[in-house]
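Survey of secondary and tertiary structure
Residue-level listing of the chains:
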Amino acid sequence: MAWTEDDAKWMRRALELAREGDVAPGKNPIGCVIVRGGEVIGEGCNEVDQRHDATAHAEIVSMRRAGQRLQCDEMRGAVLYSTLQPCGMCTMASIWAKIGRIVYGAGRDDVHPMYFEDRHLDTVDFIRDAFRDDLSLEGGLMAGECAALYVPPDADVPKEEQFNR
Ligand SMILES: [Zn+2]
């Protein structure tokens, strides 16, 4: 994948947000930035614990902020950057929000399976199967740096500490 300097710039911002989220109580280290026309229209980190809201993933938080800012639910032409491959919920929300391109850092195979809700379904399939043909999903930008934020794939995490149990 040939990444642009802008891609790297926005992923660095997502990493910053992820790290800010990590140090704040009740947050998980996932950062997201939504960019259109060279400017940020929404950004955020995971606020699930803080808000007591299972849908407050970094991507959803960022989409809500972008919607408020634009006063519009459609974000055609926007690029969503996330430090971790978006889950099924966030991928579907991106499809509904008419986001044009999703770029993520660490992929499903780079982190512990507890970060994903589904055993086998890959969000790549959601994109491939969408009615829209103007949406792309690209992963692996700064994958190593992003993956370092998360529990590695083969870590021995007790069942009761796994997010998707
Ligand atoms: Zn999600």
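Report follows, based on the coordinates. Just so we're clear, the structure is a prediction, and the values are computed from it rather than from any experiment.

**Examining the sheet that holds strand S4 (residues 101-106)**
Pairing between sheet strands relies on hydrogen bonds along the backbone, with the strands arranged either parallel or antiparallel. Ordered in space as S2-S1-S3-S4-S5, the 5 strands form an open sheet in which the pairing is mixed. Either end of the sheet is taken by a strand with one partner, and the two such strands are strand S2 (39-46) and strand S5 (136-139). Each neighbouring strand pair of the sheet contributes to a mean axis angle of 15°, computed without reference to strand direction.

**Digging into the packing of helix H3 (residues 58-70) against helix H4 (residues 88-96)**
Orientation of H3 relative to H4, taken along the N-to-C sense of each, is 25°, at an axis distance of 9 Å. Taken as axis vectors, H3 and H4 run roughly parallel relative to one another. When you trace H3 past H4, the crossing you get is left-handed. Between H3 and H4, the contacting residues are Glu-59, Ile-60 and Met-63 on the first element and Cys-90, Ala-93 and Ser-94 on the second. Of the residues in the contact of H3 with H4, the class split is 4 nonpolar, 1 polar and 1 charged.

**Section: the pairing of S2**
Along S2, 6 of the 8 residues are buried, which leaves the element largely enclosed by surrounding structure. Across 7 bridges, strand S1 (residues 28-36) lies against S2 in antiparallel orientation. Considered in S2, the bridge of Arg-36 is made with Glu-39. Where S1 folds back onto S2 in an antiparallel hairpin, the turn is made up of 2 residues, including Gly-37, whose phi is positive at roughly 55°.

Calculation notes
Residues numbered from 1 in each chain as written. Predicted model: local features only at pLDDT ≥ 70, side-chain atom pairs only at ≥ 80, totals over all residues. Pairing = 2+ DSSP bridges. Helix = DSSP H or I, 4+ residues; strand = E, 2+ residues; numbered from the N terminus. Axes fitted to C-alpha atoms, helices over the stretch in contact; angles between N-to-C directions. Parallel < 35°, antiparallel > 145°, perpendicular 65-115°, else oblique. Left-handed = near helix turned anticlockwise from the far one by under 90°. Contact = placed C-beta atoms within 7 Å. Nonpolar A, V, L, I, M, F, W, Y, C, P; charged D, E, K, R; others polar. Buried ≥ 20, exposed ≤ 12 C-beta atoms within 10 Å, placed from the backbone.

Scope: geometric values only; no functional claims are made or implied.
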